[in-house]
Amino acid sequence: MQLLNRIGLVLLWLAAPLAAFVAANKNDPYLLVLRGAGNISLVVASIAIVALLLWGGRWRTIAGKALVVLWCLPPLLMSAAHLKFELRKHDVLNASAVEARQLGPHFMVGYSSFPEVARLAEQGLIGGVYVTRHNIRGRAIETLRAEIAALQDLRRAAGLPSLIVAADQEGGIVGHLAPPLTKVPALATLTGLASDEQQAKAEEFGRIHGRELAHVGVNLNLAPVLDLKPPARRNRLDFHTLIGKRAIASDPAVVSTIASAYVRGLEETGVGATLKHFPGIGRVRADTHHFSANLDTPVKELEATDWLPFREVLSRSRSALMVGHVTLTAVDPDRAASHSKRVVEGIIRGTWGYQGVVMTDDLIMGAIYQNDVCKAVVEAINAGVDLLLVAYDGAQFYRVFACALEGSRHGRLDAAMLHASRARLKRLVMPGLVPGIHVFGAERQGVDGRDKPGHDDENISSSRAAKL
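We now turn to the structure provided with this report. All values reported here derive from a predicted model rather than from experimental measurement.

## Here's the deal with the overall build of the protein chain
Of the regular secondary structure elements, the protein chain holds 16 helices and 17 strands. Taking all 468 residues of the protein chain together, 54% fall into the buried category. Summing over all exposed atoms, the protein chain offers an accessible surface of approximately 19800 Å²; the carbon and sulfur share of this is 60%.

## Regarding helix 12 (residues 341-351)
Among all positions of helix 12, only Val343, Val344, Ile347, Ile348 and Arg349 are buried. The arc that holds the buried residues of helix 12, viewed along the axis, is 160°, so those residues lie on one side. Those residues of helix 12 that are buried lie in contact with strand 7 (272-278), strand 9 (320-323), strand 10 (326-328), strand 11 (358-360), helix 14 (373-383) and helix 16 (415-428). Gly353 occupies a position one or two residues after helix 12 and carries a positive phi of about 70°.

## A look at the packing of helix 5 (residues 114-123) against helix 6 (residues 141-157)
At a closest axis distance of 9 Å, the pairing of helix 5 and helix 6 adopts a crossing angle of 30°. When the axes of helix 5 and helix 6 are compared, the pair comes out roughly parallel. In this structure, helix 5 meets helix 6 at a crossing whose hand is right-handed. For the pair formed by helix 5 and helix 6, the contact residues are Phe114, Val117, Ala118, Ala121 and Glu122 on the first element and Glu147, Ala150, Leu151, Leu154 and Arg155 on the second. The residue inventory of the contact of helix 5 with helix 6, partitioned by class, reads seven nonpolar, no polar and three charged.

## Overview of a nonpolar patch on the surface
A surface patch of nonpolar side chains, amounting to about 630 Å² of accessible area, comprises Leu3, Leu4, Ile7, Val10, Leu11 and Leu14. One can find Leu11 in helix 1 (residues 2-24). Accessibility expressed as a relative area gives 52% for Leu11, which makes it exposed.

## A few points about the sheet that holds strand 2 (residues 128-130)
The sheet built from eight strands is open, its strands ordered 11-9-7-6-3-2-1-12 with parallel pairing. Here the strands that pair on one side only, and so sit at the sheet edges, are strand 11 and strand 12 (388-390). In the sheet, strand 1 (residues 107-110) pairs with strand 2 via three bridges, with the strands oriented parallel. Paired with Met108 across the two strands is Gly128, which belongs to strand 2.

## Regarding the packing of helix 1 against helix 2 (residues 37-55)
Closest axis-to-axis distance for the helix 1/helix 2 pair is 11 Å, and the angle between their directions is 145°. Here helix 1 runs over helix 2; the crossing is left-handed. Contact residues: helix 1 offers Leu12, Ala19, Val22 and Ala23, while helix 2 offers Leu42, Ile49 and Leu53. In the contact of helix 1 with helix 2, the residues fall into seven nonpolar, no polar and no charged.

So, how was this worked out
Residues numbered from 1 in each chain as written. Predicted model: local features only at pLDDT ≥ 70, side-chain atom pairs only at ≥ 80, totals over all residues. Heavy atoms only, no water. Helix = DSSP H or I, 4+ residues; strand = E, 2+ residues; numbered from the N terminus. Buried < 20%, exposed > 50% of the residue type's maximum accessible area, 1.4 Å probe, protein only. Areas by Shrake-Rupley, 256 points an atom, 1.4 Å probe, with all protein chains shown as cover. Arc of directions from axis to C-beta. Contact = heavy atoms within 4.5 Å. Axes fitted to C-alpha atoms, helices over the stretch in contact; angles between N-to-C directions. Parallel < 35°, antiparallel > 145°, perpendicular 65-115°, else oblique. Left-handed = near helix turned anticlockwise from the far one by under 90°. Nonpolar A, V, L, I, M, F, W, Y, C, P; charged D, E, K, R; others polar. Patch = residues over 30% accessible without salt bridge, like charges linked within 9 Å, V, L, I, M, F, W, Y side chains within 5 Å. Salt bridge = Lys/Arg side-chain N within 4 Å of Asp/Glu carboxyl O. Pairing = 2+ DSSP bridges.

Written out as structure tokens, the structure reads:
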């Protein structure tokens, strides 16, 4: 029995610092699974352990007193972390109408709590929402459709533009609303077909995705993936990027052919496409969901290979462009492409002349979140990025928006960039003439920056507790 008591004490000494660390960082995305019931359980367990230590007479010794104090820390640290979160949330929710309407259109957020996201939408603090599998878990797809329609109704009543509503339906291993939506094969499965068959099937896949997404109220699909397929990946720490399974092919011409056809099918239904992940992550071994990553390939080589599909598809569509969190070392070795002015304004806007919408990959990925988030937010806006995505953990919206708010209040945001960005966003989603209807991407933008003839305007119906 004495041996068991000693083992128990050793375990308590080891567990106390861990419990304190978890409590102090309760709002970290990596601890998302512990929110709600997990946090309550940690507090209850800490209080129970303190009570047992006091009841067992441990308070009489210096070591016992120290152990009791250690186990008093988790509830205190968790309370402090929660207070900090609530104060930041209060500051964001009480931003002025001018601040909300200046900054809000540039943020797209994932959510779990409809009342919370409805408040953000109504106040103009966001310009879009991202829906994924937890929005349909245990629910009918029609419930999500009604939810999105209600959000759009709130926007109209508040005199605000329609929300951009995005989803991740690539096909293959990434289809976050499938089921219940149709599970479409990966575009990579088409590479063995003849060119005309590739295009026909890819268009069909695009139409399937588009029709079903439009029915739900989604107007922007975060697909297709244009990264070139890498050789067999050897990185055992790549748990989430998995680009080898998501990329279409290693041949840029094949990627361009299949992706262009897929985008055509998608746009026929009124749903927009998002080309990702510029400047390309096929050559990158590190998983930017967790780590910073460098792309060390010379620009001339990228222009002749990895970037060909991006330029080709952009020239033939109204697609948005997602910029990833890899560092393009030949252009800007000091920051990820997603918030690099040299990459966004220098290459995408300048060299390419692309005047469509540019968005970041999820800012809650480790490559950004584990570094200086506020610096990344301000730099992204000043670089000409139009949409900042907060997808995985919607509660982090308050932190990210607070960064933009602070930047604005201290005069660190480029007013000219914000003005130009608002114009691009208006071209992406414009109010329609019929109630309940909005027009997606009324103008086709080429990589030379000039409007290009495209389809007629297509109408589509707009019909995690701490997480949003």
